[in-house]
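Residues per chain, in single letters:
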Amino acid sequence: MFDTTLRDGDQMPGIELDASEKISIAILLDEARVDIIEAGFPASSRIDYESVRSIKREVSYSRVAALARANPDDVDAAAAAEADIIHVFIATSDTHMRYKLRMSPEEVIRSAVDAVERARSYGAYVLFSAEDATRSDPAFLVRVYKSVVAAGAKYINIPDTVGTATPWRMEWLVGLVRSSLPGYVSIDVHCHNDFGLAVANTLAGVRAGADGVQVTVNGFGERGGNAALEEVVAALHFLMGYRTGVRMEMLTKLSGMVAEVFGVKMPPNKPVTGLNAFAHEAGIHVHGVLKNPATYEPMPPEAVGNRRRIVLGRHSGRAAVAYALKAMGYEPSSEAVDFVLEKLKEAAPRIKKVSEDIIEKWMMEYYSRKIGAAGDVKTVIAAR
Ligand code: KIV
Ligand code: ZN
């Protein structure tokens, strides 16, 4: 598991993390047992340089990677920041080579090899990425990878830089690269989400023999973002039977904390870690879930640190109300359940969403009436 929230995620438009924000996210990623944290791009700014150095000292489990373009200054900056892994990249697609780099394919190979050799001379473990790999000529791409492996890179990455791959194309390409390189070379996939396929493409890469996945928390990143760490981990575990080593029970906390630091409000329907990921409306679904959660839940919510929510509406019955109250921490008497059910039937046509706040208010009303101390909140709370 290679997390690049602090590098690719930090490239999200409008986001600029400072060093302390980066460190706080890194500490949580380390605690969650993410294998590699890409902490920044030292040549790009002082903040990134300092962040890589500090994060390297703060973490105990994760290894720290730093990004570098395939030029001597960038490699030197990554080495000076004391990263465990120097992540060298250069673009290999015709479009990028011609219009962005203005370099010939031979020049690109030369720069890639020189940069890998320079990074190796610092004793660093080298990761090489062929930017825009999925739009590169496959024969040229394989040549580039073979050249950097001959120069000492034992770890390569196949990025779908503008998210144009499909799962079947990704599977084919990763299979081609896998079969062209020696078995000791570790292969990552790095998928962007421009067509909403980043997670699917990542899983396809793993199916074809990729050893590692590059992801960001909440899928934060450039444009449509990257493959989301929490979705990839859950899918690898529950759909493909892989054990990533990530502490899955931390996923919801990680997602919430990173969203807060980035200042982004997550949509409620965010898979795995969202508010509605395990929420059930009244009716057939609630009935099924109350009998056996497996009817409408693809994984146990607590396995990913989330929780089940029963959303109440005018079709709810006593069982759903009792369940919702228990999930909110009450031990409701049948009298309390009846009280809330009556309130619900009366209010549901008027209010669109019966939130936990409203239910809380009804429970306070119930307790107030019961002890005859309306308004005395302390007494009401004590009565609970
Ligand atoms: O998307 C991309 O190509 C990248 C590389 C730098 C790995 O982020
Ligand atoms: Zn990227």
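Here the structure is a predicted model, which means the values were calculated and not measured.

Visitor: Got a minute to help me understand the pattern of salt bridges in this structure?
Guide: Opposite charge on two side chains makes pairing possible when the charged atoms of those side chains draw close. Overall, the coordinates contain 27 salt bridges when judged by the stated rule. Linking Asp48 and Lys22 is a salt bridge whose minimum nitrogen-to-oxygen distance equals 3.2 Å. With Asp48 in helix H2 (residues 46-58) and Lys22 in helix H1 (residues 19-31), the pair connects residues that are 26 residues apart, well separated along the chain. Across the pair Arg350 and Glu346 runs a salt bridge, and its minimum N-O distance is 3.9 Å. Salt bridges sharing common partners tie together Arg7, Asp8 and Glu38.

Visitor: I tried to follow the layout of surface pockets on my own but got confused; where do I start?
Guide: Empty space among the atoms can be located by rolling a probe the size of a water molecule over them. For the largest pocket, the calculated volume is near 380 Å³. Considering the residues around the largest pocket, the lining is formed by 21 residues, among which Arg7, Asp8, Gln11, Leu67 and Glu131 are closest to the centre. Residue assignment for the lining of the largest pocket shows that the elements contributing at least two residues are strand S3 (63-69), strand S4 (85-91), strand S5 (125-131) and strand S6 (155-160). Residue composition of the lining of the largest pocket, by class: 5 nonpolar, 8 polar and 8 charged.

Visitor: Looking at this structure, I do not really get the packing of helix H8 (residues 198-207) against helix H9 (residues 229-238). What am I missing?
Guide: The packing of two helices is summarised by the inter-axis angle and the distance between the axes. For the pair H8 and H9, interaxial distance at closest approach is 10 Å and the crossing angle is 45°. Here H8 is positioned oblique relative to H9, judged by the angle of their axes. As H8 packs across H9, the resulting crossing turns out to be right-handed. Taking contact as the criterion, the partners of Val199, Thr202, Leu203 and Val206 in H8 are, on H9, Glu231, Val232, Ala235 and Leu236. Class assignment of the residues belonging to the contact of H8 with H9 gives a composition of 6 nonpolar, 1 polar and 1 charged.

Visitor: Would you explain the coordination of the zinc ion (ligand 2) in this entry?
Guide: Where a metal carries four tetrahedral donors, each ideal angle is 109.5 degrees; where it carries six octahedral donors, the ideal angles are 90 or 180 degrees. Bound to the zinc ion (ligand 2) on the protein side are Asp8 (OD), His190 (NE2) and His192 (NE2), at distances that span 2.0 to 2.1 Å. In primary sequence terms, the donor set of the zinc ion (ligand 2) follows D-x181-H-x1-H. The same class applies to His190 and to His192, which are both buried.

Visitor: Explanation requested: unusual backbone geometry in the structure shown.
Guide: Across residues other than glycine, the phi torsion is negative in most instances, and most of the peptide bonds are trans. Even without a glycine there, the phi angle at Glu82 is positive, about 65°. If you trace the backbone, Glu82 turns up in the loop between helix H3 (72-80) and S4. For Asp132, which is not glycine, the phi dihedral falls at a positive 65°. With respect to the helices and strands, Asp132 occurs in the loop between S5 and helix H6 (138-150).

Visitor: Hey, could you run me through the packing of aromatic side chains in this one?
Guide: Aromatic ring pairs are defined here through the distance separating the ring centres and the angle between the ring planes. Summed over the entire model, instances satisfying the criterion amount to 6 aromatic pairs. Here Tyr330 and Tyr367 contribute two aromatic rings whose centre-to-centre distance is 6.4 Å and whose plane-to-plane angle is 25°, an arrangement assigned as stacked. With a gap of 37 residues between them, Tyr330 in the loop between helix H12 (318-327) and helix H13 (334-347) and Tyr367 in helix H14 (residues 356-371) connect regions that are remote in the sequence. One aromatic cluster is present, formed by Tyr330, Phe339, Tyr366 and Tyr367 through successive ring pairs. Seen from the ring of Tyr125, Arg63 lies directly overhead, with NZ or CZ sitting 5.7 Å from the centre.

Visitor: Would you take a moment to explain the site of ligand 1 for this structure?
Guide: Every residue near ligand 1 is listed here: Arg7, Asp8, His87, Phe89, Ser129, Glu131, Asn157, Pro159, Thr161, His190 and His192. Here Arg7 contributes a side-chain N or O atom positioned 3.0 Å from an oxygen atom of ligand 1. For ligand 1, the protein covers 95% of the area, taking 260 Å² as the surface of the free molecule. Counting atoms within 2 Å of the grid points, the majority share of ligand 1 lands in the largest pocket. Contributions of two or more residues to the shell around ligand 1 are made by S4, S5 and S6.

Visitor: Explain the domain arrangement of the protein here, please?
Guide: For interface size, the figure often reported is the accessible area lost on association. What the domain assignment lists for the protein is domain 1 (2-262) and domain 2 (279-383). Between domain 1 and domain 2, the C-alpha centre-to-centre distance is 44 Å. Contacts between the two partners involve 6 residues from domain 1, matched on the other side by 7 residues from domain 2. Across the interface of domain 1 and domain 2, roughly 500 Å² is buried in total on both sides, 65% from carbon and sulfur atoms. If you sort the residues of domain 1 by the area they bury against domain 2, Phe238, Glu249 and Thr252 come out on top, with a joint share of 72%. On inspection of domain 1 and its partner domain 2, the count reaches 0 salt bridges. At the junction of domain 1 and domain 2, the tally comes to 3 residue pairs in polar contact (both at pLDDT 80 or more). Among the elements of the structure, H9 and helix H10 (251-262) are those that each provide at least two residues to the side of domain 1 that touches domain 2. Residue classes in the side of domain 1 that touches domain 2 are distributed as 4 nonpolar, 1 polar and 1 charged.

So, how was this worked out
Residues numbered from 1 in each chain as written. Chains lettered and ligands numbered in written order. Predicted model: local features only at pLDDT ≥ 70, side-chain atom pairs only at ≥ 80, totals over all residues. Heavy atoms only, no water. Salt bridge = Lys/Arg side-chain N within 4 Å of Asp/Glu carboxyl O. Helix = DSSP H or I, 4+ residues; strand = E, 2+ residues; numbered from the N terminus. 1 Å grid on protein atoms, 1.4 Å probe; cavity = no way out; pocket = protein on both sides within 12 Å on 5 of 7 lines; lining within 4 Å. Points joined across faces, edges and corners; volume = space filled by probe spheres on them. Nonpolar A, V, L, I, M, F, W, Y, C, P; charged D, E, K, R; others polar. Axes fitted to C-alpha atoms, helices over the stretch in contact; angles between N-to-C directions. Parallel < 35°, antiparallel > 145°, perpendicular 65-115°, else oblique. Left-handed = near helix turned anticlockwise from the far one by under 90°. Contact = heavy atoms within 4.5 Å. Donors = N, O, S within 2.8 Å, 3.2 Å for Na, K, Ca; no water. Buried < 20%, exposed > 50% of the residue type's maximum accessible area, 1.4 Å probe, protein only. Phe/Tyr/Trp six-rings, centres within 6.5 Å; stacked < 30°, edge-to-face > 60°. Lys NZ or Arg CZ within 6 Å of the ring centre and 35° of its normal. Near = heavy atom within 4 Å. Polar contact = N/O pair within 3.5 Å; in protein donor to acceptor, adjacent residues only side chain to side chain. Areas by Shrake-Rupley, 256 points an atom, 1.4 Å probe, with all protein chains shown as cover. Sits in = over half its atoms within 2 Å of the grid points. Domains from an automatic or database assignment. Buried area = accessible area lost by both parts, 1.4 Å probe.

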